[in-house]
Amino acid sequence: MPMNSKIRFSKKRAWSHDLPISFLMQQGVENPGVLSLAAGLVDQNSLPVELTKKSFDHLFSNPKTARAALQYGTTAGSLSLRSLLLSHVSNLEEKSARELGMTVDNIIVTTGSQQYLSLLGEVLLDPGDICLVAAPTYFVFLGVLQGLGARIVSIETDEFGMRMDSLESTLGILESQGQLEKVKMIYLVSDYENPSGISLSQDRRGQVVEIAQSWSKQQKIFILEDLAYRELCYDGPVVPSIRSFDSTGETVILTQTFSKSFSPGLRVGFGVAPKEVCAAICDKKGNDDFGSTNMSQQVLATALRENFYYEHVKHLREVYREKRNYMLEAADTYFSNIPGVRWVHPNGGLYVWMTLPNNIETGFASPLFQKAIHEDKVMYVPGELCYATDQKLDFDKQPPIQKNHMRLTFGVQNHEGIQEGMKRLAKAVKSFI
Ligand code: PMP
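The rules behind the values
- Residues numbered from 1 in each chain as written.
- Predicted model: local features only at pLDDT ≥ 70, side-chain atom pairs only at ≥ 80, totals over all residues.
- Heavy atoms only, no water.
- Helix = DSSP H or I, 4+ residues; strand = E, 2+ residues; numbered from the N terminus.
- Rg over C-alpha atoms; globule rule 2.2 N^0.38 Å.
- Buried < 20%, exposed > 50% of the residue type's maximum accessible area, 1.4 Å probe, protein only.
- Contact = heavy atoms within 4.5 Å.
- Areas by Shrake-Rupley, 256 points an atom, 1.4 Å probe, with all protein chains shown as cover.
- Lys, Arg positive; Asp, Glu negative; His and termini not counted.
- Charge placed at Lys NZ, Arg CZ, Asp CG, Glu CD.
- Disulfide = S-S within 2.5 Å.
- Pairing = 2+ DSSP bridges.
- Core = buried A, V, L, I, M, F, W, Y, C linked by side-chain atoms within 4.5 Å.
- Near = heavy atom within 4 Å.
- Polar contact = N/O pair within 3.5 Å; in protein donor to acceptor, adjacent residues only side chain to side chain.

Colleague: Would you mind going over the overall build of the protein with me for this structure?
Modeller: Per the secondary structure count, the protein includes 15 helices and 15 strands. In terms of C-alpha radius of gyration, the protein reaches 22 Å, essentially the compact-globule figure of 22 Å for 433 residues. With respect to the principal axes defined by its C-alpha atoms, the protein has extents near 65 × 55 × 55 Å. Counting across all 433 residues of the protein, residues that qualify as buried make up 56%. In the protein, 76% of the contacts between residues at least 6 apart in sequence involve partners at least 24 apart. Carbon together with sulfur atoms contributes 51% to the accessible area of the protein, which is approximately 19000 Å² in total. For the protein, the distance from the average site of its 44 positive side-chain charges to the average site of its 48 negative ones is 5 Å.

Printed below as a string of structure tokens:
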């Protein structure tokens with residue numbers, strides 16, 4: 001901000017200053033010719049053009065449904081879409097809505113799940129409140145928390161996701177410091193996490209609900225379960241969500257999106273929460289936008305009702321499984337002879353998490369990032385963006401920010417792009433070995 005500015009921005013503005021997502025988006029624009037293995041975009045060629053057109057045609061073949069789509073909707077979202085979402089979640093979890101303790105009144109449709117994450121943060125978190133997250137985790141949500149002035153406490157992870165012993169010991173330390181009452185939620189991306197590709201094991205899904213419930217002594221600690229990648233599963237078993245271990249529906253708030261499994265351009269996501277929380281979100285959302293785009297909601301409802309959506313997801317899994325395999329093969333070809341480099345083989349989602357030797361930093365200002373983007377013309381997401389460690393906390397248990405990882409995605413590039421991108425990246429990395 002210029003020093004002589006007379007504009008008196010809010011504190012919230014200052015807290016959201018210089019967020020990495022804006023920088024990353026900008027890099028893509030400013031550096032044409034750069035192959036991006038960074039952008040979390042979905043595969044351009046498999047976007048559901050024909051199926052969306054069919055949904056539109058269906059909707060607009062009847063003047064009554066066409067007019068409804070062109071009218072304002074309700075703040076919580078279209079009732080017919082919310083009913084379809086209830087069945088959608090029940091089918092995914094293989095449990096009835098009754099067993100899950102869910103009704104349409106628990107569901108709010110939002111403009112992507114990003115809006116749900118943001119609205120929930122707004123209604124639950126005051127500045128100084130604490131959210132517990134995995135290290136690493138979805139960096140854009142870290143930006144949301146930062147923008148609200150919330151404090152972020154990281155919990156160690158291993159190949160099965162967030163470690164429950166670390167979660168309990170952190171809660172214990174926070175209690176001994178008199179800070180437990182500040183802890184309001186635990187955020188988890190349970191399936192094929194962005195960025196690590198790791199899924200939380202089934203045992204831990206049950207355990208985290210028990211932990212949140214047993215530590216909600218005086219005040220409630222919610223679990224916010226982000227299921228953005230749940231339907232992009234390629235192999236290995238699909239395990240029940242954390243939400244399905246919470247039959248009362250009072251502990252886990254779930255959010256899911258159609259951006260990855262259908263189209264991000266429609267901007268439709270949703271969340272399921274206890275009714276009191278829904279009322280708070282609706283009040284805030286009413287102030288913000290009166291409700292998400294009705295047209296997109298009706299198109300998606302048609303795609304779900306007519307099974308176009310499910311047809312597409314089946315196809316998408318094939319497309320991404322192949323692209324995932326392609327990226328892993330390219331990693332074998334170009335990186336297996338570089339000492340100290342390893343990577344996760346994800347069973348779903350869009351990301352491959354790569355670890356370099358400890359002495360090679362990957363951040364925006366690092367020589368590697370600069371060389372990769374300017375000389376080798378390839379871009380990745382620096383892993384350090386996905387770590388946040390509360391420096392004010394007086395204990396050394398928090399996992400340190402790790403600076404030697406890269407998040408790579410096979411989502412946006414085609415086979416040639418993946419191959420060429422991995423080749424360029426390996427060249428850049430090799431020059432620092
Ligand atoms: N959660 C996670 C883990 C994500 O990766 C994303 C998108 N990158 C979102 C939520 C939000 O996506 P959208 O707003 O498009 O639904």
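Colleague: Just to check I follow, could you spell out the state of the cysteines for this structure?
Modeller: Note: disulfide means a covalent bond formed between the sulfur atoms of two cysteine side chains. A complete count under the given rule lists zero disulfides for this structure. Take Cys131: it sits in no disulfide, and the sulfur closest to it among the cysteines is that of Cys386, at 15 Å.

Colleague: In this structure, what is going on with the sheet that holds strand β14 (residues 381-382)? I would like to understand it.
Modeller: Sheet strands associate in pairs through backbone hydrogen bonding, adopting either a parallel or an antiparallel arrangement. Ordered by their spatial adjacency, four strands build an open sheet running β11-β12-β15-β14, and the pairing between neighbours is antiparallel. With partners counted over all chains shown, the strands left at the sheet margins are β11 (342-343) and β14, one partner each. Examined bridge by bridge, strand β12 (residues 351-355) and strand β15 (residues 405-409) share five bridges and lie antiparallel to one another. Counted as the bridge partner of Trp353 is Arg407 from β15.

Colleague: What should I look at first to understand the pairing of β12 in this one?
Modeller: Successive side chains on a regular strand alternate, one facing one side of the sheet and the next facing the other. Among the five residues of β12, five are classified as buried, and the element is accordingly described as predominantly covered. The two faces of β12 match: Tyr351, Trp353 and Thr355 on one face and Val352 and Met354 on the other face are all buried. Direction of pairing for β11 relative to β12: antiparallel, over a ladder of two bridges. Across the sheet, Trp343 pairs through a bridge with Met354, a residue of β12.

Colleague: What am I meant to see in the nonpolar core here?
Modeller: For soluble globular proteins, the rule of thumb is that nonpolar side chains tend to be buried together. By size, the foremost hydrophobic cluster in this structure holds 78 residues, and its most contacted members are Phe141, Phe335, Met354 and Met422. The contact partners of Phe335, leaving out residues within four places of it in the chain, are Ala330, Val341, Trp343, Met354, Met422, Leu425, Ala426 and Val429. One finds Leu59, Leu85, Phe262 and Phe270 within the second-largest nonpolar core, a separate group that totals 30 residues.

Colleague: Would you mind showing me how to read the site of the ligand here?
Modeller: In the vicinity of the ligand, the contacting residues are Gly112, Ser113, Gln114, Tyr138, Asn194, Asp226, Ala228, Tyr229, Thr257, Ser259, Lys260 and Arg267. With respect to the ligand, the side chain of Thr257 contributes an N or O atom lying 2.5 Å from an oxygen atom. The side chain of Lys260 places a nitrogen or oxygen atom 3.2 Å from a nitrogen atom of the ligand. Contact with the protein chains hides 90% of the accessible area of the ligand, taken as 400 Å² for the molecule alone. Ranked by the residues each element gives to the shell around the ligand, the list is headed by helix α7 (residues 112-124), at three residues.

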